[in-house]
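Listed below, chain by chain, are the residues.
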Amino acid sequence: MSVIDKSTSRDAAVQEAFGAEVAELYAQAARGEANAALQRALELRSFLAVAEEQVARVRDRVHAATAADGDMGELSADDLRWDADWLEAALAGRDGYTAALDELLRTMPAPTQPAVPRADVSPKIPATAPPAPAAPRAGAVRIHRP
């Protein structure tokens, strides 16, 4: 199933912000009619859909393992610890995508505000990550003095 078809907890906010159903917004993007804010919103929404699906899968797995009619002999503390770790990671991802999407929707220009054309501006994406900052005194060489 495509992320377009999955609902998310922020679909109503996205639809309100852009004035169309989610499927139509994805169609606009596919036709090349989406502005930068819509493109970013749809990308975050897609990530959110996957993250929320992961949360639901782990939740359902825990519910199944701890069901009242389940076999207690099959219950495993180790499995539940793994599931707790997975759930923590999935919730952190969901929370991050939700916060980023909410921030984008809060700070984007009003739909009635015309886009400002910028000539000859293209995104610059580095081919490699920038080097990590050096630790204090990194590479320092101690000089032995007589």
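Novice: Just checking my understanding: could you explain helix α2 (residues 22-30) for this structure?
Specialist: Since the α-helix advances by 3.6 residues per turn, residues separated by three or four positions end up pointing in the same direction. When we look at burial in α2, the residues that qualify are V22, L25 and Y26. Looking straight down α2, one finds its buried side chains confined to an arc of 100°; they lie on one side. Each element contacted by the buried residues of α2 is listed here: α1 (11-18) and α3 (36-65). After α2 finishes, the residue G32 shows a positive phi value of roughly 80°.

Novice: Help me understand the packing of aromatic side chains in this model?
Specialist: To describe a pair of aromatic rings, you give the distance between the ring centres and the angle between the ring planes. The final tally for this structure, using the stated rule, is one aromatic pair. Ring geometry for F47 against Y97: centres 5.4 Å apart, planes inclined by 40°, an arrangement best described as tilted. Of the two residues, F47 sits in helix α3 while Y97 sits in helix α4 (residues 77-107), which places them 50 residues apart along the sequence. Note on F47: relative accessible area 39%, which makes it partly exposed. Residue classification places Y97 among the partly exposed residues on the basis of a relative accessible area of 31%.

Novice: Quick question: what am I supposed to make of the environment of Q39 here?
Specialist: Relative to the helices and strands, Q39 resides in helix α3. Separated by ten residues in sequence, Q39 and A29 have C-alpha atoms that sit 6.7 Å apart.

Novice: Explain the packing of α2 against α3 here, please?
Specialist: The relative placement of two packed helices comes down to the angle between their axes together with the axis-to-axis distance. Running from amino to carboxyl end, α2 crosses α3 at an angle of 125°, the nearest separation of the two axes being 10 Å. Put simply, α2 runs oblique to α3. At the point where α2 passes α3, the crossing takes the left-handed sense. Contacts between α2 and α3 involve V22, L25, Y26, Q28 and A29 on the former and, on the latter, L38, L42, R45 and S46. Residues of the contact of α2 with α3, tallied by class, amount to six nonpolar, two polar and one charged.

Novice: Looking at this structure, how should I read the nonpolar core?
Specialist: Generally speaking, a soluble globular protein has its nonpolar side chains buried in company with each other. If you look at the biggest cluster of nonpolar residues, it comprises 18 residues, and the most contacted ones within it are V14, F18, L25, L38, L101, L105 and M108. Going through the elements one at a time, α1, α2, α3 and α4 are the ones with two or more residues in this core. Considering each element in turn, this core owes the most residues, six residues, to α3.

Novice: Got a minute to help me understand the pattern of salt bridges in this structure?
Specialist: It is possible for side chains bearing opposite charge to pair when their charged atoms get close. Counted according to the given criterion, the structure contains eleven salt bridges. As a salt-bridge pair, D60 and R59 come within 3.0 Å of each other at their nearest N and O atoms. Classification of D60 by relative accessible area gives partly exposed; the value is 39%. A relative accessible area of 41% means that R59 is categorised as partly exposed. A salt bridge links R61 to D83; its shortest N-O distance comes to 2.8 Å. Here D83 lies in helix α4 and R61 lies in helix α3, a separation of 22 residues in the sequence. Judged by relative accessible area, which is 8%, D83 ranks as buried. Several salt bridges share partner residues, and in doing so they unite K6, E53 and R57 into one network.

Novice: When you look at α1 in this model, what are you seeing that I'm missing?
Specialist: Among all positions in α1, only D11, V14, A17 and F18 are buried. Buried positions in α1, seen along its axis, are confined to an arc of 135° and lie on one side of it. Turned more than 90 degrees away from the buried face of α1, the exposed residues are A12 and E16. On its buried side, α1 packs onto α2, α3 and α4. Once α1 finishes, G19 follows within two positions and takes phi at roughly 70°, a positive value.

Each value, and the rule that gives it
- Residues numbered from 1 in each chain as written.
- Predicted model: local features only at pLDDT ≥ 70, side-chain atom pairs only at ≥ 80, totals over all residues.
- Heavy atoms only, no water.
- Buried < 20%, exposed > 50% of the residue type's maximum accessible area, 1.4 Å probe, protein only.
- Helix = DSSP H or I, 4+ residues; strand = E, 2+ residues; numbered from the N terminus.
- Arc of directions from axis to C-beta.
- Contact = heavy atoms within 4.5 Å.
- Phe/Tyr/Trp six-rings, centres within 6.5 Å; stacked < 30°, edge-to-face > 60°.
- Axes fitted to C-alpha atoms, helices over the stretch in contact; angles between N-to-C directions.
- Parallel < 35°, antiparallel > 145°, perpendicular 65-115°, else oblique.
- Left-handed = near helix turned anticlockwise from the far one by under 90°.
- Nonpolar A, V, L, I, M, F, W, Y, C, P; charged D, E, K, R; others polar.
- Core = buried A, V, L, I, M, F, W, Y, C linked by side-chain atoms within 4.5 Å.
- Salt bridge = Lys/Arg side-chain N within 4 Å of Asp/Glu carboxyl O.

No statement about biological role is implied by the geometric values presented.
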